[in-house]
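# Descriptive structure summary
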Amino acid sequence: MTAKEIVAQLTLEEKASLCSGQDWWHTKNIDRLGLTNIKLSDGPHGLRKVESDDPLQRESIPSTCFPAACTTACSFDRNLLYELGQALGEECLQEQVSVILGPGTNIKRSPLCGRNFEYFSEDPFLAGSMAAAIIKGIQSKDVGTSLKHFAANSQESFRLTSNSVIDERALREIYLSAFEYAVKEAEPWTVMCSYNLLNGVQVSENKKLLTDILRDEWGFTGIVMSDWGAVNDRVKGVKAGLDLEMPSSAGWRDKHIVEAIRSGALDEKDLDTVVLRLVEFILKAQEKRKPDYKYDKDAHHALCRKVASESAVLLKNEHNLLPLKDGASLAVIGAFAKKPRYQGAGSSKINPTRLDTLFDVLTAAGIKFDYAEGYALAPDAGVDWNVIDEAEQVAAGKDAVIIVAGLPDEYESEGYDRKNMNMPENQNLLIDALARVNPNIVVLLQLGSPAALPWKDTVPAILSLYLGGQAGAGAAVDLLTGKVNPSGKLGETWPVSLADTPCNRYYPGDKTAEYRESIFVGYRYYDTAEKEVVFPFGHGLSYTTFAYSNLKVSASSFKPGEKLTLTFTVKNTGTAAGAEAVQVYVAPRKTFFFRAEQELKAFEKIALKPGQEQTVTVELDTRSFAYYNTIKSDWAVESALYEIRVGASSRDVRLTATVDVTGDSSEKLFPDLPSYTPEYYNLKQSAAFAIRGATFRKLRERTAPFSLNSTIGEAFATPVGQKLIPVAAKQIGALLGKPDSDIISMLERGGTEMPLRSLLMWSIPLPHIESFIAALNSGTIDKI
């Protein structure tokens, strides 16, 4: 039967039942009509399949832990991400998983976001390009993806209840643009809506976002599912275009849908639209299954090593300390050399099929070295000068000292944000001490987001692995020894200090997240404000050198609707084979209203042997020159001169050309004049922009009435809450059993920020939660 024929035979109750999950990881089945349940599993940099309906109590099955998105974005390599996606799809096929939840494509607004490791970039074009590539790779294997978290979800603090207040230009140009590119380019099977509110409207109930923009403007034809626990009002969600609620609500919200249809509050045609999409999705997933498929674990481990090596970023390399010389005497210092930080914490945590360590890979390669622990990894570990003294003795007199350092697991995780950019003090003091006894220091970084590097000027070489996955240590050895030439480029700016970040005064906020910096995110701010940075966006060194020349533009003028072709030559002028990620930026000159200094609009990665050169061709289109016009509610092009910049980073421009652009008919609609903005600041003198078109409200002290969106922390601040929250916590604790330390940290640090509606996920019936809310509002437990 066709999907339409199946829908025609469904009862009202069956239709409503399909709109929510069967449990934590499956859709519902309708056996009499041949609809089986569909398995969903966490990603995004590996398959986190949990056999049980309780994902927190048992370890997930072994699967390949590939490098995280913070790493792979630095590859600037669409083909590599496609290949990685194919491998993820193969693992899903073997495990009968129809949809892997990823990729994460939110914008890195601040280095403090605890989940930055799961996201690609501060730049929407790079983020969208990487997301599209990995989606295409996964779906080429007949496995679906879930592009997440849609949208404007750039913090972990209060992530389930926060209201992201963003002006329309910033929303369209920065926070939606990456999703738009991925949807149009790759056609993901599903899109996952985020927890937060957007300008006062719950995203899971936001028709403008889920239907008007996603479907009507962008042409999305798949299903929209909720993040786990993101649903607030299921009937409003159906009206807005939310197809699937996950996980199960134990049937409570299915009943709400049925009641709304019978009362006339919901048109059954709206429900039929949602159910038809769900049935089409289920039929497609059923058809694509390959029950006997097996993947090659060794091949995937080797791919993990390749991806990590081609994504690592050589941040600094004075005196060509790297690659290490053959036969050099070496010291390896740091607990991460034996217990690596190779992935993030939270729902994306993978149980790897195997795990390489730097200590073991160096030993297996026959490379001789002396080792010292250098620091302890325990969260409460202080500075142990005896351990540092031992490291100094090991490091003294060596030809090179490799210090493995970075951010421990507890420093960045889903569920909470970082408090600062600092690395552990015991690591910083160790690096300072070793730099005094040996000038030949190589710092090998393992982390998911930029960190403060107070010792940067005292060490000659820094190589960032970010989070390299289970084979990251092997990649590190390949890079250190020169077997592989580093070619990664930063997908985010490393600021001098947290105070320099444009959202510093407002991030993360509380239940109101104020995006006052507007479009000036990442390098868009730093380059416009001429701020000094530690390492700019797009930066990355090599063991060879590249020369850029002969930039040609297909025309000296441009009009909307036309294409502009650029060609230029890149030559490897060094003595080693290497790859270069060339970047093309568009910089408007003397525009009438505010624009960023420049924006990334194209990139390509090319591999060249010594002396080899290659002509690179890229194409720019109307969108490359456009801004979002909030009066027209559409993209528009302003008449101006635009400089085309070709370079090795946002601050290493090698070639330029100027194009005279004639704007479209809407160019006289200027809603964003600086004079209209009461808090407008000169970017070169101020740390932040105040935005226009949005009203900011501070969180007021919680008073009655309480609701499903009130937080557990707000409830616990009342006498009634102090009596009843421990009862709920005891029930949740019994469900969790003995979760791992990551889950404990998430709940301890972010549990009080969870809304009361989230208790439904933990098997507390909705009527009990509603009775609890009534008691909170009455001030007495007699209401229970």
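Residues numbered from 1 in each chain as written. Predicted model: local features only at pLDDT ≥ 70, side-chain atom pairs only at ≥ 80, totals over all residues. Heavy atoms only, no water.

## Brief notes about the overall build of the protein chain
In terms of helices and strands, the protein chain carries 21 helices and 29 strands. The C-alpha radius of gyration computed for the protein chain amounts to 26 Å, which stays within 12% of the reference 28 Å derived for 784 residues, consistent with globular compactness. Each principal axis of the C-alpha atoms in the protein chain carries an extent, and together these give about 75 × 65 × 55 Å. The long-range fraction of contacts in the protein chain, counting pairs at least 24 apart against all pairs at least 6 apart in sequence, stands at 77%. Approximately 28,600 Å² of the protein chain is accessible, and the part contributed by carbon and sulfur atoms is 49%. Across the protein chain, 86 positive and 100 negative side-chain charges occur, with their mean positions spaced 2 Å apart. (Helix = DSSP H or I, 4+ residues; strand = E, 2+ residues; numbered from the N terminus. Rg over C-alpha atoms; globule rule 2.2 N^0.38 Å. Contact = heavy atoms within 4.5 Å. Areas by Shrake-Rupley, 256 points an atom, 1.4 Å probe, with all protein chains shown as cover. Lys, Arg positive; Asp, Glu negative; His and termini not counted. Charge placed at Lys NZ, Arg CZ, Asp CG, Glu CD.)

## Some points on the packing of helix 14 (residues 385–395) against helix 15 (residues 425–437)
At a minimum axis separation of 9 Å, helix 14 and helix 15 run at an interaxial angle of 35°. Classified by chirality, the crossing of helix 15 by helix 14 is right-handed. Contacts from W385, I388, A391, E392 and A395 of helix 14 reach helix 15 at N426, L429, L430, A433, L434 and V437. (Axes fitted to C-alpha atoms, helices over the stretch in contact; angles between N-to-C directions. Left-handed = near helix turned anticlockwise from the far one by under 90°.)

## Description of the packing of aromatic side chains
Here the structure, examined in full by the defined rule, presents 21 aromatic pairs. A centroid spacing of 5.8 Å and a plane angle of 75° characterise the contact between F125 and F603, whose relative ring orientation is edge-to-face. Highlighted residues: F125 in helix 5 (residues 124–139) and F603 in strand 24 (residues 599–608), separated in sequence by 478 residues. Residues F125 and F603 agree in their burial class; the two are buried. With a centroid separation of 6.3 Å and an interplanar angle of 85°, the aromatic rings of Y466 and W494 are classed as edge-to-face. In this pair, Y466 is assigned in the loop between strand 16 (461–464) and helix 16 (472–481) and W494 in strand 17 (residues 494–495), connecting sequence segments 28 residues apart. (Phe/Tyr/Trp six-rings, centres within 6.5 Å; stacked < 30°, edge-to-face > 60°. Buried < 20%, exposed > 50% of the residue type's maximum accessible area, 1.4 Å probe, protein only.)

## Examining the sheet that holds strand 23 (residues 578–589)
With respect to topology, five strands assemble into an open sheet ordered 21-29-28-23-24, the strand pairing being mixed. Since the sheet does not close on itself, it has two edges, and those belong to strand 21 (557–558) and strand 24, each with one partner. In the sheet, strand 28 (residues 640–649) pairs with strand 29 (residues 652–661) via nine bridges, with the strands oriented antiparallel. Of the residues in strand 29, the one forming a bridge with I644 is A657. (Pairing = 2+ DSSP bridges.)

## Some details on unusual backbone geometry
A cis amide bond, omega -5°, links G43 with the succeeding residue P44. The residue P44 is located in the loop between strand 1 (40–42) and strand 2 (62–63) in this model. Positioned with a positive phi, E530 is a non-glycine residue whose angle comes to about 55°. Residue placement: E530 occurs in the loop between helix 17 (523–529) and strand 19 (533–535).

## Quick word on the sheet that holds strand 1
Across a sheet, paired strands are connected by hydrogen bonds in the backbone, their directions being either parallel or antiparallel. Strand order in the open sheet formed by five strands is 1-3-4-6-9, and the pairing between neighbours is parallel. A single partner strand is all that each edge strand has here, and the edge strands are strand 1 and strand 9 (223–226). Averaged over neighbouring strand pairs, the angle between their axes works out to 30° when direction is ignored. Relative to strand 3 (residues 99–101), strand 1 runs parallel, the two being bridged by three bridges. From the neighbouring strand, D42 faces strand 3, where its bridge partner is L101. Here helix 8 (residues 207–217) sits on the sheet in contact with strand 4 (144–150), strand 6 (190–193) and strand 9, set at roughly 150° to strand 9.

## Side note on helix 10 (residues 252–263)
In this model, helix 10 (twelve residues) spans 17 Å end to end at C-alpha, consistent with the 16 Å of a helix rising 1.5 Å per residue. For helix 10, the complete set of buried residues consists of R253, D254, I257, V258, A260 and I261. Around the axis of helix 10, the buried residues are gathered within 160° of arc, so they sit on the same side. Opposite the packed face of helix 10, turned more than 90 degrees from it, sit the exposed residues R262 and S263. On its buried face, helix 10 is in contact with helix 2 (12–17), helix 9 (234–240) and helix 11 (268–288). At the C-terminal side of helix 10, G264 shows a positive phi close to 90°. (Expected span 1.5 Å × (residues − 1). Arc of directions from axis to C-beta.)

## Points about the pattern of salt bridges
Any two side chains of opposite charge can pair, so long as their charged atoms come close to each other. Taken as a whole and assessed by the stated rule, the structure comprises 52 salt bridges. In this structure, the salt-bridge partner of K15 is E268, at a minimum N-O distance of 2.9 Å. A residue pair is termed long-range when its members are at least 10 positions apart, and K15 in helix 2 and E268 in helix 11 qualify at 253 residues. Judged by relative accessible area, which is 31%, E268 ranks as partly exposed. Residues participating in the shared-partner salt-bridge network are R115, E118, K148, E156, R159 and E414. (Salt bridge = Lys/Arg side-chain N within 4 Å of Asp/Glu carboxyl O.)

## Some points on the pairing of strand 29
Alignment of strand 21 against strand 29, held across two bridges, turns out to be parallel. The residue of strand 29 that forms the bridge with S557 is D660. Following strand 28, the chain reverses through two residues before pairing antiparallel with strand 29.

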